[in-house]
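Tertiary structure, described
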Amino acid sequence: MGQAQREIFGEREEGSKWRELLKYHSRSFLDASRDSNVIKAMARWKTCMEGLGYKYADIWEANNDPRWQVSEASATEISTAINDVQCKGKSRIAEILLSVETELQSDYIRKNAAEFSKIKLDLVKAYENSLDVVRTSDLRADE
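Notes on the structure follow.

Considering the pattern of salt bridges
Across all of its chains, the model carries nine salt bridges by this definition. The salt bridge involving E20 is made with K23; its shortest N-O contact spans 3.3 Å. Separated by three residues within a single helix, E20 and K23 lie in helix α2 (residues 17-33), roughly one turn from each other. One salt bridge in this structure joins D107 and K111, with 3.2 Å as the shortest N-O distance. Residue D107 and its partner K111 are located together in helix α6 (residues 93-111), separated by four residues, close to a single helical turn. For D107, a relative accessible area of 23% gives the class partly exposed.

Right, dumping it as structure tokens:
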């Protein structure tokens, strides 16, 4: 794994712009979570779920319920998931969250065009390097 990462990102993987991109992604998610429209949609989702007998603070708590961390889905997990999806549709939380996050990310790109150009070049190079790693791996497998 380490060798493949060095071949893809170069000897200074820590200098990779990939990490910068992940910082923007995390920031946009956190900023979107604080948006008033997202907060209202989350409240609608929570109210919908409470009306069905569930006590989750938000969609993430429902998703990460420790009861679901098993290999096979139970009837309870399946019914919870069905209700979760129905409440997500009624509240429009996924649509609103995606819209707000997309707007924030577009704004970051506009305001930081030079940095995103560097990120793009770095990722294109990493992509090209990864193709070389796969080709080399395929050649070794054929031998």
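From this point on, the discussion continues.
Quick word on the state of the cysteines
By the definition in use, this model includes one disulfide. With its sulfur 2.1 Å from that of its partner, C48 forms a disulfide with C87. Between C48 and C87 the disulfide shows an S-S torsion of about -75 degrees. By sign, it is left-handed. On the criterion of sequence distance, the pair formed by C48 in helix α3 (residues 36-51) and C87 in helix α5 (residues 75-91) is long-range, its members being 39 residues apart. Take C48: its relative accessible area is 17%, and that puts it in the buried class.

Some thoughts on α5
Helical geometry note: an α-helix holds 3.6 residues per turn, so side chains three or four residues apart project in the same direction. Helix length check: α5, at 17 residues, gives a terminal C-alpha distance of 24 Å against a target of 24 Å (1.5 Å per residue), a fit within 8%. Buried residues of α5: E77, T80, N83, D84, C87 and S91, and no others. Burial along α5 is one-sided: seen end-on, the buried residues are contained in an arc of 130 degrees. Along α5, exposed side chains directed more than 90 degrees from the buried face belong to A75, V85 and G89. Turning to α5, the residues buried within the fold contact α3 and α6.

A short note on the nonpolar core
Within the largest apolar cluster, 17 residues are counted, with the highest numbers of intra-cluster contacts made by V38, W45, M49, Y56 and I93. Contributing elements (two or more residues each) for this core: α3, α4 (59-63) and α6. The element contributing the most residues to this core is α3, with six residues.

Overview of unusual backbone geometry
In this structure, R92 takes a positive phi of about 60 degrees despite not being glycine. Residue placement: R92 occurs in the loop between α5 and α6. Using a relative accessible area of 41% as the deciding quantity, one classes R92 as partly exposed.

Procedures and definitions
- Residues numbered from 1 in each chain as written.
- Predicted model: local features only at pLDDT ≥ 70, side-chain atom pairs only at ≥ 80, totals over all residues.
- Heavy atoms only, no water.
- Salt bridge = Lys/Arg side-chain N within 4 Å of Asp/Glu carboxyl O.
- Helix = DSSP H or I, 4+ residues; strand = E, 2+ residues; numbered from the N terminus.
- Buried < 20%, exposed > 50% of the residue type's maximum accessible area, 1.4 Å probe, protein only.
- Disulfide = S-S within 2.5 Å.
- Expected span 1.5 Å × (residues − 1).
- Arc of directions from axis to C-beta.
- Contact = heavy atoms within 4.5 Å.
- Core = buried A, V, L, I, M, F, W, Y, C linked by side-chain atoms within 4.5 Å.

As far as function goes, none of this settles anything; it's purely spatial.
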